[in-house]
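Residue strings, one per chain:
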Amino acid sequence: MALFGPGVLLPAGTLAVPGEMPGTDLLVGPVLADLPFGHHHEARVGNTLVQLTVLEPGLAATPEVRTRLVNALERVQGLQHSSVLRLHGVVDTLGTIVVVREFPQGPSVRRWIHDHILREQRPDPLRVVDVIDHVATGVAAVQQTCVEPVLAHGFVGADTIFVVGENHAQVGAAGEGGILPLTPSFARYLSSGLLPMIAPE
């Protein structure tokens with residue numbers, strides 16, 4: 001992923017981010033998280049902070065993965081829901097697919113838990129319930145938008161759920177969830193019991 005290191009400018013094509021001129025280049029920032037299907041990066045489009053999902057080039061080069069991902073992203077493109085990160089668009093560049101979303105308004109669940117551990121505090125149980133409720137609402141919105149069932153475990157994880165304020169959460173990576181079975185990490189997810197609805201073959 002060296003091609004996507006901090007400071008790299010990516011041509012945006014016809015990408016339109018609210019408040020910025022269409023086609024404004026993407027300025028790549030640091031990696032935020034490693035995912036089964038790629039990496040999250042911080043980035044900027046003009047003065048607007050955005051989140052990138054950079055797909056692993058090997059996956060992007062697989063016709064089945066590319067077709068499934070593009071179709072899924074097209075279905076969630078117009079979804080506007082307070083519990084789902086807004087999808088700005090997709091850029092096909094440097095041999096892979098880059099998904100551009102609004103930047104999360106709070107830390108990932110992983111960072112949120114880590115911060116509580118550093119402060120030697122337990123999360124408020126009522127706040128946790130609120131977060132789970134918003135996650136469920138966001139997942140339901142994605143499921144209703146998509147024609148085909150979406151594998152929720154592909155986008156419900158410690159690095160793809162973001163805790164906002166006191167009692168809210170946002171779901172990220174909605175379109176990418178469907179390609180999880182095609183990633184190299186899928187066998188590990190399955191064997192570790194993270195996908196209980198799928199029986200081992």
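All values reported here derive from a predicted model rather than from experimental measurement. (Residues numbered from 1 in each chain as written. Predicted model: local features only at pLDDT ≥ 70, side-chain atom pairs only at ≥ 80, totals over all residues. Heavy atoms only, no water.)

Engineer: What should I look at first to understand helix α2 (residues 63-76) in this one?
Structural biologist: The end-to-end C-alpha distance of α2, which contains 14 residues, comes to 20 Å, matching closely the 20 Å that a straight helix rising 1.5 Å per residue would cover. Check the buried side of α2 and you find it contacts β4 (48-55), α1 (57-60), β5 (87-93), β6 (96-102) and α4 (125-145). (Helix = DSSP H or I, 4+ residues; strand = E, 2+ residues; numbered from the N terminus. Expected span 1.5 Å × (residues − 1). Contact = heavy atoms within 4.5 Å.)

Engineer: What should I look at first to understand the confidence of the model for the chain in this one?
Structural biologist: When pLDDT is averaged along the chain, the result is 82; 88% of the residues meet or exceed 70. When mean pLDDT is compared element by element in the chain, β4 scores highest at 94, while helix α5 (residues 186-191) scores lowest at 70. Below pLDDT 50 for its whole length, residues 196-201 participates in seven contacts with residues either more than four positions away or in separate chains. (pLDDT = per-residue confidence, 0-100.)

Engineer: Would you mind showing me how to read the pairing of β6 here?
Structural biologist: Successive side chains on a regular strand alternate, one facing one side of the sheet and the next facing the other. Within β6, seven of the seven residues are buried, which leaves the element mostly enclosed by the surrounding structure. Bridge count between β4 and β6: five bridges; the pairing is antiparallel. Bridged to Thr53 within β6 is Val99. Alignment of β5 against β6, held across six bridges, turns out to be antiparallel. When the bridges of β6 are listed, Asp92 appears paired with Ile97. (Buried < 20%, exposed > 50% of the residue type's maximum accessible area, 1.4 Å probe, protein only. Pairing = 2+ DSSP bridges.)

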